[in-house]
Amino acid sequence: MSVVIVGGNERMERQYTELCRQYSCKAKVFTKTSGGVRSVGSPDLIVLFTGTVSHKMLRSLECETKGMNIPIAKSHTSSITALRNILEAHTGGM
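Given the structure is predicted, the values throughout are model-derived calculations rather than measurements.

(A) Representation of the pairing of strand β2 (residues 26–30). Relative to β2, strand β1 (residues 2–6) runs parallel, the two sharing five bridges. Residue pairing for β2: S2 is matched across the bridge by K26.

This is the structure we're talking about:
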């Protein structure tokens, strides 16, 4: 399963990737607004941390995924626990 994480804390990128690996998921993490969200591809799930994502990143994500039927899981907090709960719900556990 492939997961794209948009938003979150820059210093936690590696922890997000490690947690996704524990759930047998490949992860791409976009925390910075400098390049926007490019090369999303066609992931199985998009995790959107709404508390730390900018409007520019949201617009970029909408343009990139327009017309694709990709599920988006939103969480206001960008903690490891929030990501774990999202992965539990969408992957059925470890």
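(B) Representation of unusual backbone geometry within the structure. One non-glycine residue, S24, adopts positive backbone phi at about 60 degrees. Residue placement: S24 occurs in the loop between α1 (13–22) and β2.

(C) Structural context of the environment of E13. Along the chain, E13 turns up in helix α1. Separated by 19 residues in the primary sequence, E13 and K32 place their C-alpha atoms 11 Å from one another. E13 has contacts with V29 and T31, leaving out every residue within four places of it along the chain.

(D) Fine view of the side chain of S78. Relative to the helices and strands, S78 resides in the loop between β4 (72–75) and α3 (80–91). S78 gets classed as buried once you look at its relative accessible area, which sits at 12%. Residue contacts for S78: discarding those within four places in its chain leaves G8, N9, M12, Y16, F49 and T52.

Reading the values: the criteria
- Residues numbered from 1 in each chain as written.
- Predicted model: local features only at pLDDT ≥ 70, side-chain atom pairs only at ≥ 80, totals over all residues.
- Heavy atoms only, no water.
- Pairing = 2+ DSSP bridges.
- Helix = DSSP H or I, 4+ residues; strand = E, 2+ residues; numbered from the N terminus.
- Contact = heavy atoms within 4.5 Å.
- Buried < 20%, exposed > 50% of the residue type's maximum accessible area, 1.4 Å probe, protein only.

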